[in-house]
Amino acid sequence: MKALVLGLTLFCCLLILQVIVWRIKRPAGEYAVLLQMCCGVLIIATVGFAAVSWGRPESARFVPQTPLEYLSILFLYGGMSLAYIATYSAIQADSPSLSLLLMMERAGPQGVSLRDMEERFSDEVLVIPRLEDLVAGGLVKQVDSRYVIEQSGALLARVHLFYRRFLKLEKGG
Amino acid sequence: MIFAFVPVLSIATCAGAHILLTRIVPGLFRLSAAVYSFALGFGCVAISVIMFAVRMSPEHMSDVVGYAVLWSLAYVSFAHCYFSFYNLGEAGRRIRLVIELYLAGDKGMTIEELLAAYNARMILGARLYRLLVSGQIVEKDGRYFVGQPVMLYLAKSLVLMKILLFKRESEGLSW
């Protein structure tokens, strides 16, 4: 039960820290900062646990003691943090599917026509901002009027292409 | 200590089953493949909990409950990461864009060439298809309505998170 409580507490600390930092100033490289915060919380917690174990043996029962407890906290906190970072892209960028649903809900009983959706969700809304994200993230560069893949973008593309071909799936999007 | 790796072994089972199902049964509905493989991985967690409980004395049953919850949460988190990775390739616009640009090679693409390969109409069409097939929306006389509201509730949760983090409901899309 101790590992469960400590793991959940660490994750809550990460979330609170992110809200504080984002409300002060949203960082430019959001994912990189999130990963750094995730690692930072884990490192500080691990050092703290070790310090308590060695410095205050009477409080040692409140911190992990065995490899099972340490690894369990690592996997719980690590898993939840990575899951949150994976979800963050849906928070940061508007999902077309979810935006469509919200549009239909607000339209109420009259519903939404395909033409309404095509007018609202154009290339300027759905594609261009994502392309700009890739340029800002260094995955793609702009050379005159052409967009060219960078090494990091190529690596990402290769990983996904290999995975999708291995699963015998077509290009997604 | 081997029990510490229960979430890792379970997600490996889930991912392995998902890859096998997708390759061997190409006609299987993608959501079904995900559900079956997730259930198999969760079965590994359940079996591990039973094995762990058998080794523990009765006075340590609270530890068994604690670890059962912990492994379940960790497994669900790992599964979320795996299926998010899968979904990135399935529905991610940025992933599709880097794939198109990667395939174009060093010469790259102009915005016109890129939009010819991947554009808003294709994006809308794919999403409407998925939402219709999964029952999240229904179509009647050429107009679309919310069906089962599961993803709608998810959308509203994300809006709350956007307001908490960014003090606004969306990045620019208005509905």
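Scroll up for the structure.
These lines cover the structure that appears in this document, whether it is placed above or below. (Residues numbered from 1 in each chain as written. Chains lettered and ligands numbered in written order. Predicted model: local features only at pLDDT ≥ 70, side-chain atom pairs only at ≥ 80, totals over all residues. Heavy atoms only, no water.)

1. Quick notes on the overall build of chain B
(1) Moving on: Secondary structure assignment for chain B yields seven helices and three strands.
(2) Moving on: Taken from N to C terminus, the helices and strands of chain B fall in the order α-α-α-α-β-α-α-β-β-α.
(3) Moving on: Its C-alpha atoms give chain B a radius of gyration of 21 Å, clearly above 16 Å, the size a compact globule of 175 residues would have.
(4) Moving on: Counting all 175 residues of chain B, 45% fall into the buried class.
(5) Moving on: In chain B, once contacts between residues fewer than 6 apart in sequence are set aside, the share between residues at least 24 apart is 45%.
(6) Moving on: Here chain B has roughly 8,900 Å² of accessible surface; of this, 69% comes from carbon and sulfur atoms.
(7) Moving on: Positive and negative charge centroids in chain B, built from 16 and 11 side chains respectively, lie 3 Å apart. (Helix = DSSP H or I, 4+ residues; strand = E, 2+ residues; numbered from the N terminus. Rg over C-alpha atoms; globule rule 2.2 N^0.38 Å. Buried < 20%, exposed > 50% of the residue type's maximum accessible area, 1.4 Å probe, protein only. Contact = heavy atoms within 4.5 Å. Areas by Shrake-Rupley, 256 points an atom, 1.4 Å probe, with all protein chains shown as cover. Lys, Arg positive; Asp, Glu negative; His and termini not counted. Charge placed at Lys NZ, Arg CZ, Asp CG, Glu CD.)

2. Structural notes on the overall build of chain A
(1) Moving on: Of regular secondary structure, chain A possesses eight helices and three strands.
(2) Moving on: Starting at the N terminus and ending at the C terminus, chain A contains elements arranged as α-α-α-α-β-α-α-α-β-β-α.
(3) Moving on: Against the 2.2 N^0.38 benchmark of 16 Å for 173 residues, chain A shows a C-alpha radius of gyration of 22 Å, more extended than a compact globule.
(4) Moving on: With the C-alpha coordinates of chain A rotated into their principal frame, the extents come out at 70 × 45 × 40 Å.
(5) Moving on: For chain A, with 173 residues in total, the buried portion stands at 46%.
(6) Moving on: Partitioning the intrachain contacts of chain A with sequence separation of at least 6 by distance along the chain shows that 53% fall at a separation of at least 24.
(7) Moving on: For chain A, the accessible surface area stands at approximately 8,700 Å², while carbon and sulfur atoms represent 66% of it.
(8) Moving on: When the 17 basic and 15 acidic side-chain charges of chain A are each reduced to a single mean position, those positions are 7 Å apart.

3. Quick look at the interface of chain B and chain A
(1) Moving on: Across the boundary between the two partners, chain B contributes 94 residues, which contact 91 residues of chain A.
(2) Moving on: Summed over both sides, the interface between chain B and chain A buries roughly 8,600 Å², with carbon and sulfur atoms accounting for 68% of that surface.
(3) Moving on: Counting every contact that joins chain B to chain A gives six salt bridges.
(4) Moving on: Put simply, chain B and chain A have 20 residue pairs in polar contact (both at pLDDT 80 or more) between them.
(5) Moving on: It is helix α3 (residues 61-91) of chain B that contributes the most residues to the side of chain B that touches chain A, 22 residues altogether.
(6) Moving on: Among the residues making up the side of chain B that touches chain A, the classes are represented as 55 nonpolar, 18 polar and 21 charged.
(7) Moving on: Two elements, strand β3 (residues 146-149) of chain A and strand β1 (residues 109-110) of chain B, share two bridges in a ladder whose sense is antiparallel. Looking at β1 of chain B, one finds that arginine 146 of chain A is bridged to threonine 110 of chain B. (Buried area = accessible area lost by both parts, 1.4 Å probe. Salt bridge = Lys/Arg side-chain N within 4 Å of Asp/Glu carboxyl O. Polar contact = N/O pair within 3.5 Å; in protein donor to acceptor, adjacent residues only side chain to side chain. Nonpolar A, V, L, I, M, F, W, Y, C, P; charged D, E, K, R; others polar. Pairing = 2+ DSSP bridges.)

4. Notes on the nonpolar core
(1) Moving on: Ranked by internal contacts, the top residues of the largest apolar core, which has 94 residues, are Tyr88, Leu100, Met104 and Met117 of chain A together with Trp71 and Leu101 of chain B.
(2) Moving on: Both domain 1 (2-92) and domain 2 (96-166) of chain A contribute no fewer than three residues apiece to this core.
(3) Moving on: In contact with methionine 117 of chain A, other than residues within four places in its own chain, are Leu100, Met103, Met104 and Val112 of chain A together with Leu124, Leu128 and Tyr144 of chain B. (Core = buried A, V, L, I, M, F, W, Y, C linked by side-chain atoms within 4.5 Å. Domains from an automatic or database assignment.)

5. Some thoughts on the sheet that holds strand β2 (residues 140-143) of chain A
(1) Moving on: What the three strands build is an open sheet, ordered β2(A)-β3(A)-β1(B); its pairing is antiparallel. The sheet is open, and its two borders are formed by β2 of chain A together with β1 of chain B, each paired with just one other strand.
(2) Moving on: Sheet topology places β2 of chain A next to β3 of chain A; four bridges connect them, and they run antiparallel. Looking across to β3 of chain A, one finds that lysine 141 of chain A is bridged to valine 148 of chain A.
(3) Moving on: On top of the sheet, helix α4 (residues 93-104) of chain B reaches β2 and β3 of chain A together with β1 of chain B; it is set at about 90° to β3 of chain A, its chief contact. (Axes fitted to C-alpha atoms, helices over the stretch in contact; angles between N-to-C directions.)

6. A short note on the sheet that holds strand β1 (residues 112-113) of chain A
(1) Moving on: Within the open sheet, the three strands sit side by side as β1(A)-β3(B)-β2(B). Their pairing is antiparallel. Two strands close off the open sheet at either side, each with one partner strand: β1 of chain A together with β2 (137-140) of chain B.
(2) Moving on: Packed on one face of the sheet, helix α4 (residues 96-107) of chain A meets β1 of chain A together with β2 and β3 (143-146) of chain B and runs near 95° to β3 of chain B.

7. Topic: the pattern of salt bridges
Proximity of charged atoms lets side chains of opposite charge pair with each other.
(1) Moving on: Within the structure shown, the criterion is met by 11 salt bridges over all chains.
(2) Moving on: In this structure, arginine 115 of chain A and glutamate 119 of chain A form a salt bridge, with 3.4 Å as the shortest nitrogen-oxygen distance. Here the residue arginine 115 of chain A and the residue glutamate 119 of chain A both occupy positions in helix α5 (residues 114-120), the gap between them amounting to four residues, near one helical turn. Accessibility assignment for this pair places arginine 115 of chain A and glutamate 119 of chain A in one class, exposed.
(3) Moving on: Each of Arg130 and Asp133 of chain A together with Arg94 of chain B takes part in a single network of salt bridges with overlapping partners.

8. Here we look at the environment of proline 58 of chain B
All names here are of chain B.
(1) Moving on: Following the sequence through the fold, proline 58 ends up in the loop between α2 (30-55) and α3.
(2) Moving on: In this structure proline 58 comes out as exposed when scored by relative accessible area, which is 67%.
(3) Moving on: In this structure, the C-alpha to C-alpha distance between proline 58 and lysine 156, residues 98 residues apart in sequence, is 44 Å.

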